Protein chains: 2
Amino acid sequence: MPAAAADGVLEDLIGYALRRAQLKLFQNLIGRLSAHDLRPAQFSALAVIEQNPGLMQADLARSLAIEPPQVVPLLNKLEERALAVRVRCKPDKRSYGIFLSKAGEALLKELKQIAHDSDREATSALDDEERGQLLRLLTKIYQA
Amino acid sequence: MPAAAADGVLEDLIGYALRRAQLKLFQNLIGRLSAHDLRPAQFSALAVIEQNPGLMQADLARSLAIEPPQVVPLLNKLEERALAVRVRCKPDKRSYGIFLSKAGEALLKELKQIAHDSDREATSALDDEERGQLLRLLTKIYQA
DNA sequence: TATTGTTATACTCTATAACTATA
DNA sequence: TATAGTTATAGAGTATAACAATA
């Protein structure tokens, strides 16, 4: 949890600054996605499905870094709204392949633009070079 | 929510990288603090109280960016463990001043070292100059 | 026997409305 | 009436155990 301004302790911790900045970007994105009645996790799921059409629910759970039971209501919601579909696998009838619908593809295209705009607005204190540096440093951390 | 590796969509978003990196640092800190049966929010609270001795609960809530009702169980826990105390204010008997106990001060000193070590371990992919850059960029974002 | 997806459950975090006691 | 702290409650997000159908 973030604190605001105790000087000399929390302010020197990357973890603290990371949490405050992440909260700011997340809140901005949540606000923008709410116009489409979607949460960030659902946007991420759509993006993962687009890049890995036909993947199984277990794969999606791993990609989203969540547990398999959490995939169920998330995917139910996307299916209710006809943005994605579960298709029974031929060879292994226990599993499903997950695909985007045409509507899902179309909406995702919009969502990508929304996410990009949100990113830029919430980081408006930085210039493009600083954004590039930041993205590089963060990627090094989470890929390590 | 983070996804792992859809290429070309999520990977270019600072918000996505921020969330993945933040999760990594948070998990590391949670693991280390668990030896003292504390959560990150309780560590932050102790640090804020040290820097603002005698502050009121409403101030603490604002500093921690949480709602006043959430302060109650947090502070109860710290008081149960004799790390902090609520002292009735003389002039306004509705409010309390919050202070660290001697034990709280001593523990906080340990916790600062733990948080610092956690920060460095979870960002071991970076050198010191990169850590400085990152802290500067993140601070610019959340202070804007 | 092991695995995919699911259900049920619980614990944490977060947010809001309503209550109390003081002012 | 307004404010500080509290209580009660509800909604997300997250995690685990156990179950059904299939392998």
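The structure under discussion appears in the preceding block.
Residues numbered from 1 in each chain as written. Chains lettered and ligands numbered in written order. Predicted model: local features only at pLDDT ≥ 70, side-chain atom pairs only at ≥ 80, totals over all residues. Heavy atoms only, no water.

### Some words on the overall build of chain A
Inference 1: Within chain A, the regular secondary structure consists of six helices and two strands.
Inference 2: Each helix (α) and strand (β) of chain A, taken in turn from the N terminus, gives the series α-α-α-α-β-β-α-α.
Inference 3: Once the C-alpha set of chain A is aligned to its principal axes, its extents read approximately 60 × 30 × 25 Å.
Inference 4: Within chain A, buried positions represent 49% of all 144 residues.
Inference 5: A fraction of 46% describes how many contacts in chain A between residues 6 or more apart in sequence connect residues 24 or more apart.
Inference 6: Total accessible area on chain A is roughly 7,200 Å²; 53% of this is exposed by carbon and sulfur atoms.
Inference 7: Taking the 20 positively charged and 19 negatively charged side chains of chain A as two groups, their mean positions are separated by 8 Å. (Helix = DSSP H or I, 4+ residues; strand = E, 2+ residues; numbered from the N terminus. Buried < 20%, exposed > 50% of the residue type's maximum accessible area, 1.4 Å probe, protein only. Contact = heavy atoms within 4.5 Å. Areas by Shrake-Rupley, 256 points an atom, 1.4 Å probe, with all protein chains shown as cover. Lys, Arg positive; Asp, Glu negative; His and termini not counted. Charge placed at Lys NZ, Arg CZ, Asp CG, Glu CD.)

### Quick word on the interface of chain A and chain B
Inference 1: Contacts between the two partners involve 57 residues from chain A, matched on the other side by 57 residues from chain B.
Inference 2: Approximately 5,300 Å² of surface area, both sides summed, lies buried where chain A meets chain B, with 71% of it carried by carbon and sulfur atoms.
Inference 3: Between glutamate 130 of chain A and arginine 136 of chain B there is a salt bridge whose closest N-O contact spans 3.4 Å.
Inference 4: The interface formed by chain A and chain B includes twelve residue pairs in polar contact (both at pLDDT 80 or more).
Inference 5: Of all elements in the fold, only helix H1 (14-33), helix H2 (40-51), helix H3 (57-64), helix H5 (102-122) and helix H6 (128-143) of chain A reach the threshold of two or more residues within the side of chain A that touches chain B.
Inference 6: Considering each element in turn, the side of chain A that touches chain B owes the most residues, twelve residues, to H1 of chain A. (Buried area = accessible area lost by both parts, 1.4 Å probe. Salt bridge = Lys/Arg side-chain N within 4 Å of Asp/Glu carboxyl O. Polar contact = N/O pair within 3.5 Å; in protein donor to acceptor, adjacent residues only side chain to side chain.)

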